[in-house]
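# Observations on chain architecture
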Amino acid sequence: SKVLSRISPKWVLETVAHAYNVDMADLKRSLRGTENEGRNVAVYLMRRITGLPHRDVAILFNCTSAYTVATIQKRVKQGMIADDKFQKKNQRYRE
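Residue positions within a chain follow its written sequence, with the count starting from 1. Since the coordinates come from a predicted model, pLDDT governs what is reported: local features require at least 70, and pairs of side-chain atoms require 80 or more to be given and counted, while whole-chain, interface and lining totals use all residues. Values reported for side chains reflect all heavy atoms of the structure, with hydrogen atoms and water molecules removed beforehand.

Let's shift gears to the confidence of the model for the chain. Fine structural detail should not be taken from predicted coordinates in areas where pLDDT scores are low. What pLDDT expresses is the predictor's confidence in each residue, scored from 0 to 100. Taken over all residues, the pLDDT of the chain has a mean of 83, while the share at 70 or more is 77%. Each helix is a run of DSSP H or I of at least 4 residues and each strand a run of E of at least 2, with the numbering of both proceeding from the N terminus. Within the chain, no element has a lower average pLDDT than helix H6 (residues 84-94), which sits at 59, and none a higher one than helix H4 (residues 54-60), at 95.

As a further point, take unusual backbone geometry. Backbone geometry places Asn 21, a non-glycine residue, at a positive phi of 55°. In this structure, Asn 21 sits in the loop between helix H1 (9-20) and helix H2 (24-27). If you check the backbone angles, Asn 62 has positive phi at about 55° while not being a glycine. Residue exposure (1.4 Å probe, protein chains only): buried if accessible area is under 20% of the type maximum, exposed if over 50%, otherwise partly exposed. The class for Asn 62 is exposed, based on a relative accessible area of 54%.

Turning next to the pattern of salt bridges. Note on definitions: salt bridges are taken to be side-chain nitrogens of Lys or Arg within 4 Å of carboxyl oxygens of Asp or Glu. The full count for this structure, using the stated rule, is three salt bridges. Its salt-bridge partner being Arg 29, residue Asp 26 comes within 2.5 Å of it at the nearest N-O pair. When its relative accessible area of 26% is taken as the criterion, Asp 26 is described as partly exposed. Exposure remark for Arg 29: the relative accessible area of 43% places this residue in the partly exposed category. Asp 56 is the salt-bridge partner of Arg 55, the closest N and O atoms lying 3.1 Å from each other.

The structure is reproduced here in structure tokens:
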């Protein structure tokens, strides 16, 4: 997958951390069974904006595999479709 923009991964992390009022480290941390919407959105946007391969995004977010990244992307995309509040909250990052 080619890089789609010159926007850096660090910028994506900083922007999402600011929007969700969390530390960048919190976006990279995953606790099994705990919802972390900011992290999920950051993973989704990292792929969408930077065009980094699943494997590289998995490394950035300390995911166990590239499949985890694909699963998060699917979940976020479905959430944007199904949940009006989620959709409105995250609309500005997709444009």
